[in-house]
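Read off the chains here:
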Amino acid sequence: MAKLTLNINGTAQELDVEAGEPLLYVLRNGLGLKGPKFGCGLSECGACTVLADGKPLRACIVPAASLAGRTITTLEGLGTLENPHPLQQAFIDEQAAQCAYCIPGMIMSAKALLDRNPEPSDEDIAWALAGNLCGCGTHLRIVRAIKRAASTMRETPIDSREGSA
Ligand code: FES
Ligand code: FES
């Protein structure tokens, strides 16, 4: 066991982690953050995607202990039921999920994309989400949702939104 401090969704968390314990296990089992999902466990599906300092990271293979001092954002850090992030709202509005298992990872990859590219083309979106697999085949709706969210985020000043982590 090792002591570790991580900033997770805006809060400094003091954690005890096993050597080599993946961040995903710490988030889900230790902190009860069930947004990031366990899919393949092999860095191949993207279901476990979170952001580390704003960049997508596969939480299933990265040891938590290697992330000391980094800022981690999970789906729970984006918005709430009462005040969803524009991406969360857009995925609802476009009904961009069937089973929804892939959706948290999709949204986190999309968040990183929109933070660096506020007006992405379809091709930009396809590249950004190439590592996020959807077995249900909702890709067209996912692209529409991301474009809808991008439009909302361009039109709405960031200071007027909560959940803009
Ligand atoms: S569960 Fe991490 S990439 Fe599949
Ligand atoms: S909605 Fe089922 S895996 Fe994507």
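Bear in mind the structure is a predicted one, so any value in this text is a computation, not a measurement. (Residues numbered from 1 in each chain as written. Chains lettered and ligands numbered in written order. Predicted model: local features only at pLDDT ≥ 70, side-chain atom pairs only at ≥ 80, totals over all residues. Heavy atoms only, no water.)

### Some words on unusual backbone geometry
Positive phi is not limited to glycine here, since serine 43 has a value of about 65 degrees. You can call serine 43 partly exposed: its relative accessible area is 28%. Positive phi, normally seen in glycine, also occurs at alanine 100, with a value near 80 degrees. Looking at the element boundaries, alanine 100 is found in the loop between helix H2 (86-93) and helix H3 (103-116). In this structure alanine 100 comes out as partly exposed when scored by relative accessible area, which is 33%. (Buried < 20%, exposed > 50% of the residue type's maximum accessible area, 1.4 Å probe, protein only. Helix = DSSP H or I, 4+ residues; strand = E, 2+ residues; numbered from the N terminus.)

### Structural notes on the domain arrangement of the protein chain
For the protein chain, the domain assignment lists domain 1 (2-77) and domain 2 (86-164). Centre-to-centre, using C-alpha coordinates, domain 1 lies 21 Å away from domain 2. Across the boundary between the two partners, domain 1 contributes 17 residues, which contact 12 residues of domain 2. Each partner contributes to the roughly 1,200 Å² buried at the junction of domain 1 and domain 2, and carbon and sulfur atoms together form 61% of this total. When the area that domain 1 buries against domain 2 is broken down by residue, the three leading residues are Lys37, Leu51 and Leu75, summing to 39%. Taken together, the links from domain 1 to domain 2 amount to zero salt bridges. One can count four residue pairs in polar contact (both at pLDDT 80 or more) joining domain 1 with domain 2. (Domains from an automatic or database assignment. Contact = heavy atoms within 4.5 Å. Buried area = accessible area lost by both parts, 1.4 Å probe. Salt bridge = Lys/Arg side-chain N within 4 Å of Asp/Glu carboxyl O. Polar contact = N/O pair within 3.5 Å; in protein donor to acceptor, adjacent residues only side chain to side chain.)

### Details of the side chain of threonine 138
In this fold, threonine 138 is placed in the loop between helix H4 (122-128) and helix H5 (139-155). Under the relative-accessibility criterion, threonine 138 is labelled buried at 6%. Leaving out residues up to four positions away in the same chain, threonine 138 has contacts with Ala96, Ala97 and Gln98.

### Some details on the environment of proline 118
As for its position among the elements, proline 118 is in the loop between H3 and H4. Here proline 118 falls in the partly exposed class, since its relative accessible area comes to 45%. Between the C-alpha atom of proline 118 and that of leucine 4, which follows or precedes it by 114 residues, the distance is 34 Å. Not counting residues up to four positions away in its chain, the partners in contact with proline 118 are Ala150 and Arg154.

### A word on the pattern of salt bridges
By the definition in use, this model includes seven salt bridges. For the salt bridge of arginine 148 with glutamate 94, the shortest nitrogen-to-oxygen distance reads 3.0 Å. Here arginine 148 is found in helix H5, whereas its partner glutamate 94 is found in the loop between H2 and H3, with 54 residues between them in sequence. Note that lysine 111 and aspartate 115 form a salt bridge whose closest N and O atoms lie 2.7 Å from each other. Note that lysine 111 and aspartate 115 are positioned in helix H3 at a spacing of four residues, about one turn of the helix. By relative accessible area, aspartate 115 is classed as partly exposed at 46%.

### What to know about the sheet that holds strand S4 (residues 55-58)
Spatial ordering of the open sheet is given by S2-S1-S5-S3-S4, a layout of five strands whose pairing is mixed. Each edge of the sheet is formed by a strand with only one pairing partner; in this case those strands are strand S2 (11-17) and S4. Between one strand axis and the next, the sheet turns by 45 degrees as a mean value, whatever way the strands run. Here four bridges tie strand S3 (residues 49-52) to S4, and the two strands are oriented antiparallel to one another. If you follow leucine 51 over to S4, its bridge partner there is proline 56. In the packing of H3 onto the sheet, the strands contacted are S3, S4 and strand S5 (71-73), and the crossing angle to S3 comes to about 30 degrees. (Pairing = 2+ DSSP bridges. Axes fitted to C-alpha atoms, helices over the stretch in contact; angles between N-to-C directions.)

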